[in-house]
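Now for the letters of each chain:
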Amino acid sequence: MANPTLLILAGDGIGPEVMAQVTRVIDWFGAKRDLAFDVEHDLVGGAAYDKHGTPLHDDTMARALEADAVLLGAVGGPKYDELDFSVKPERGLLRLRKEMDLFSNLRPAQCFDALADFSSLKKDIVAGLDIMIVRELTSGVYFGEPRGIIEEGNERVGINTQRYTESEIDRVARSAFELARRRGNKVCSMEKANVMESGILWREVVQRVHDTDYPDVELSHMYADNGAMQLVRAPKQFDVILTDNLFGDILSDCAAMLTGSLGMLPSASLGAPNADGRPKALYEPVHGSAPDITGQGKANPIACILSFAMALRYSFDQGDEAARLEAAIEKVLADGARTADLMGEEGGTPISTSDMGDAILAALDASL
Ligand code: NAD
């Protein structure tokens, strides 16, 4: 059988620096676990603009649609701030998300024990935390029509429309239930069915999808405002949280802070399954291109490496190998390895981006 294909778009700023460490990890799995990928590299963001005058070349878009998964570093930087909106680096990323129709955004909030002190919450509330927020990404109030600012009488009115079709809710609900089956088998769906019709429909459709096709998964419903409260009160009660675009935007940022550092947060965006059952997928760290530390060897590669772990689990059905990689990272952190962003109040000497890569590879070797 042909190897699965991975398209790597390292992008700008620290993107290529962290992606260099991911590439070493990918090579390790090929050499030591008989898990080889056909890896291609291409440009996105400012790097693509510099070469092609566009933040995503049509050929790159076509390769992304062909690939079994896309791994992205980061885009943007001060050099591109003055560019016209239509060619800004971020437009490359938006085009990828749109044309791949990535409607399900996965943001894990996982707290490594060694970093529990970084959370703004008490250690016992977050230690061992492992939750996943599934946010609908391509519809809802950020896209609904009518929208705009209109004149009404002698004042202006700002309008946005929360709009969800049954099929949009259905497909993202399926994505959450599928995920739950690979994790703790629990989904909590959040909306505001108490005050919004779109919330009533959301709740109905999620329940229907559950009863029809996923009765083995434990499902609960919660109003999103209560969900926000529960996330900071007792986050470990959750496994998968399913929610819409707007609530997901807010709840996922809130959940991210439970775990402390931006350099640690991976994400995935999934689309509809292909003929072979594998969803179109883009994996990327949550952080940006970090121009303030670019080229200094200070970037933490863990968010990007954890994004590859998500690819192993969700695109390639290699949950055990993903767990091996996550355990290697957990061990490295427990042994005290810290890039500059992870230096706590106790101080110490930070290690470089490539030193962190070395440490993770050594921990992977030790796992055999
Ligand atoms: P940022 O995430 O790049 O950086 C915020 C802060 O976190 C900085 O101090 C940075 O040094 C630090 N940081 C981020 N990632 C880190 C890592 N892996 N290791 C250590 N420290 C890390 O956000 P920003 O400064 O608001 O944006 C910088 C540029 O990135 C902008 O052009 C922005 O548009 C772009 N951006 C891109 C994405 C993306 O590609 N998905 C996301 C956010 C921002």
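Residues numbered from 1 in each chain as written. Predicted model: local features only at pLDDT ≥ 70, side-chain atom pairs only at ≥ 80, totals over all residues. Heavy atoms only, no water.

1. Quick notes on the pairing of strand β12 (residues 279-285)
Most of β12 sits inside the fold, with six of its seven residues counted as buried. As paired elements, strand β3 (residues 69-74) and β12 share two bridges and run parallel to each other. Of the residues in β12, the one forming a bridge with V70 is L282. Pairing between strand β11 (residues 266-273) and β12: six bridges, direction antiparallel. Bridge assignment links S267 to a residue of β12, and that residue is E284. Counting the residues that bridge the hairpin from β11 to β12 gives five residues, and of these G277 lies at a positive phi of roughly 90°. (Buried < 20%, exposed > 50% of the residue type's maximum accessible area, 1.4 Å probe, protein only. Helix = DSSP H or I, 4+ residues; strand = E, 2+ residues; numbered from the N terminus. Pairing = 2+ DSSP bridges.)

2. Considerations on the UniProt feature "site: Important for catalysis" (unreviewed entry) in the chain
Residues annotated by UniProt as "site: Important for catalysis" (unreviewed entry) correspond here to Y142 and K192. In this structure Y142 comes out as partly exposed when scored by relative accessible area, which is 32%. Filtering out sequence-adjacent residues up to four positions away, Y142 remains in contact with R135, R147, N245, L246 and D249. Position of K192 among the secondary structure elements: in the loop between β8 (186-191) and α7 (197-213). Note on K192: relative accessible area 17%, which makes it buried. (UniProt positions renumbered as here; feature names shortened; annotations may be inferred. Contact = heavy atoms within 4.5 Å.)

3. Considerations on the domain arrangement of the chain
What the domain assignment lists for the chain is domain 1 (1-109 + 261-368) and domain 2 (130-257). Placing the centre of domain 1 and that of domain 2 at their C-alpha centroids yields a distance of 26 Å. Surface buried jointly by domain 1 and domain 2 totals about 1600 Å² across both partners, of which 53% is contributed by carbon and sulfur atoms. Among the residues domain 1 hides against domain 2, the three largest losses belong to F103, R107 and A109. Together they make up 43% of the total. (Domains from an automatic or database assignment. Buried area = accessible area lost by both parts, 1.4 Å probe.)

4. A few points about the site of the ligand
Close to the ligand lie 21 residues, the nearest being E90, G288, A290, D292 and N300. Within the side chain of H287, an N or O atom sits 3.3 Å from a nitrogen atom of the ligand. Residue D292 places a side-chain N or O atom 2.8 Å away from an oxygen atom belonging to the ligand. Coverage of the ligand by the protein amounts to 68% of the 810 Å² it exposes when considered alone. Residue composition of the shell around the ligand, grouped by class: ten nonpolar, seven polar and four charged. (Near = heavy atom within 4 Å. Polar contact = N/O pair within 3.5 Å; in protein donor to acceptor, adjacent residues only side chain to side chain. Areas by Shrake-Rupley, 256 points an atom, 1.4 Å probe, with all protein chains shown as cover. Nonpolar A, V, L, I, M, F, W, Y, C, P; charged D, E, K, R; others polar.)

5. Let's talk about the side chain of H210
Its location among the elements puts H210 in helix α7. In this structure H210 comes out as buried when scored by relative accessible area, which is 9%. Excluding residues within four positions of it along the chain, H210 makes contact with F177, P215, V217 and L219.

6. Some thoughts on helix α3 (residues 58-66)
Turning to α3, its buried residues are T60, M61 and A64. On an axial view of α3, the arc spanned by its buried residues comes to 100°, and they lie on one face. In α3, the exposed residues that point more than 90 degrees away from the buried face are D58, D59 and E66. (Arc of directions from axis to C-beta.)

7. As for unusual backbone geometry
The phi torsion of most residues other than glycine is negative, and most of the peptide bonds are trans. Cis geometry marks the peptide bond from E145 to P146; its omega dihedral reads 0°. Although it is not a glycine, D34 sits at a positive phi angle of roughly 55°. The residue D34 is located in the loop between α1 (15-32) and β2 (38-42) in this model. The backbone of D317 shows a phi angle near 55°, a positive value even though the residue is not glycine. Inspection of the secondary structure puts D317 in the loop between α10 (302-314) and α11 (319-334).

8. A closer look at the nonpolar core
The biggest cluster of nonpolar side chains holds 70 residues, and the ones touching the most others in it are Y283, F308 and L325. Looking at this core, you find at least three residues from each of domain 1 (1-109 + 261-368) and domain 2 (130-257). Within the second largest apolar cluster, 18 residues are counted, among which are A116, A224, I241 and A255. (Core = buried A, V, L, I, M, F, W, Y, C linked by side-chain atoms within 4.5 Å.)

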